[in-house]
Amino acid sequence: MQEIAWQLSLVLMTLVAFGFGFVAINSGVRVEDYTPLQKRGYRIRSKLFWTLVAVLGPAMIYTLLDLPYGASRAGNQAGPAQVVEATGHQWRWELSRDRVVKDQPVEFRVTSADINHGFGIYDADMHLVAQTQAMPGYTNTIRHTFTADGTYRILCMEYCGIAHHNMMSEIKVGSL
Ligand code: CUA
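Residues numbered from 1 in each chain as written. Predicted model: local features only at pLDDT ≥ 70, side-chain atom pairs only at ≥ 80, totals over all residues. Heavy atoms only, no water.

**What to know about a nonpolar patch on the surface**
Turning to step 1, where the next piece is worked out: On the surface, a nonpolar cluster with roughly 680 Å² of combined accessible area is contributed by Met60, Ile61, Tyr62, Leu64, Leu65 and Leu67.
Turning to step 2, where the next piece is worked out: Mapping Leu67 onto the fold places it in the loop between helix H2 (35–64) and helix H3 (69–72).
Turning to step 3, where the next piece is worked out: Looking at Leu67, the relative accessible area reads 44%, which means it is partly exposed. (Patch = residues over 30% accessible without salt bridge, like charges linked within 9 Å, V, L, I, M, F, W, Y side chains within 5 Å. Areas by Shrake-Rupley, 256 points an atom, 1.4 Å probe, with all protein chains shown as cover. Salt bridge = Lys/Arg side-chain N within 4 Å of Asp/Glu carboxyl O. Helix = DSSP H or I, 4+ residues; strand = E, 2+ residues; numbered from the N terminus. Buried < 20%, exposed > 50% of the residue type's maximum accessible area, 1.4 Å probe, protein only.)

Put into structure tokens, the structure is as follows:
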């Protein structure tokens, strides 16, 4: 996914660069009567506007269907959850348990004892599987169902000071 986003960004950046180049090269050209040009520009703009409405309108509705996330996402199913209380400190994670069972929802209740941290759960391949923010005075809840055994890492995802990179913990996922 990140790979696709990166390549798409490259393509778009190249297009924008060509656009700038085109304008720069043609900036010396003088046109006396701008009216036809202006009309053409307005026509293109209207077409572009309605194209965007036609494309982005349905896209917006489609993405909003998922809200609220907790209700519909896979892995967020209702049912008794294994609760993990997680508190961020400069610079460590305090977890109420470090072992959970797979194929059963886990509810992470995430907060912070000092400043904002980012609570990110990574699998063995260092792919992010779930994340939320750890905020002082507030508890963010995420539900995740681990479908594979293994040792997962919890990393801080928000710069929080000199030892931010050391803010790591582990949670083991296994069978009963
Ligand atoms: Cu806590 Cu970065």
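**Some thoughts on the sheet that holds strand S6 (residues 128–134)**
Turning to step 1, where the next piece is worked out: Pairing is mixed across the open sheet formed by five strands, whose spatial order is S3-S9-S8-S5-S6. The sheet terminates laterally at strand S3 (99–101) and S6, the two strands that pair on one side only. This sheet shows a mean twist of 25° between the axes of neighbouring strands, independent of strand direction.
Turning to step 2, where the next piece is worked out: Direction of pairing for S3 relative to strand S9 (residues 168–174): parallel, over a ladder of three bridges. When the bridges of S9 are listed, Val101 appears paired with Gly174. (Pairing = 2+ DSSP bridges. Axes fitted to C-alpha atoms, helices over the stretch in contact; angles between N-to-C directions.)

**What to know about the pairing of strand S5 (residues 117–122)**
Remember that side chains alternate between the two faces of the sheet whenever the strand is regular.
Turning to step 1, where the next piece is worked out: Burial within S5 is extensive, with six of its six residues counted as buried.
Turning to step 2, where the next piece is worked out: Of the two faces of S5, both are covered, the one formed by His117, Phe119 and Ile121 as well as the one formed by Gly118, Gly120 and Tyr122.
Turning to step 3, where the next piece is worked out: As defined by bridge partners, S5 adjoins S6 across six bridges and the pair is classed as antiparallel. Note that in S6 the partner of Gly120 across the bridge is Gln131.

**Some points on the sheet that holds strand S4 (residues 105–112)**
Turning to step 1, where the next piece is worked out: The mixed open sheet is built from four strands, whose spatial order is S2-S1-S4-S7. Looking at strand neighbours, the two that pair on one side only are strand S2 (92–95) and strand S7 (140–145), the edges of this open sheet. Strand after strand, the sheet turns through a mean of 25° between neighbouring axes, direction not considered.
Turning to step 2, where the next piece is worked out: Taken together, the six bridges between S4 and S7 define a ladder with antiparallel strand orientation. Each residue of the ladder has a partner; that of Arg109, found in S7, is Thr141.

Note that every value here comes from positions in space, so none of it alone points to a role or purpose.
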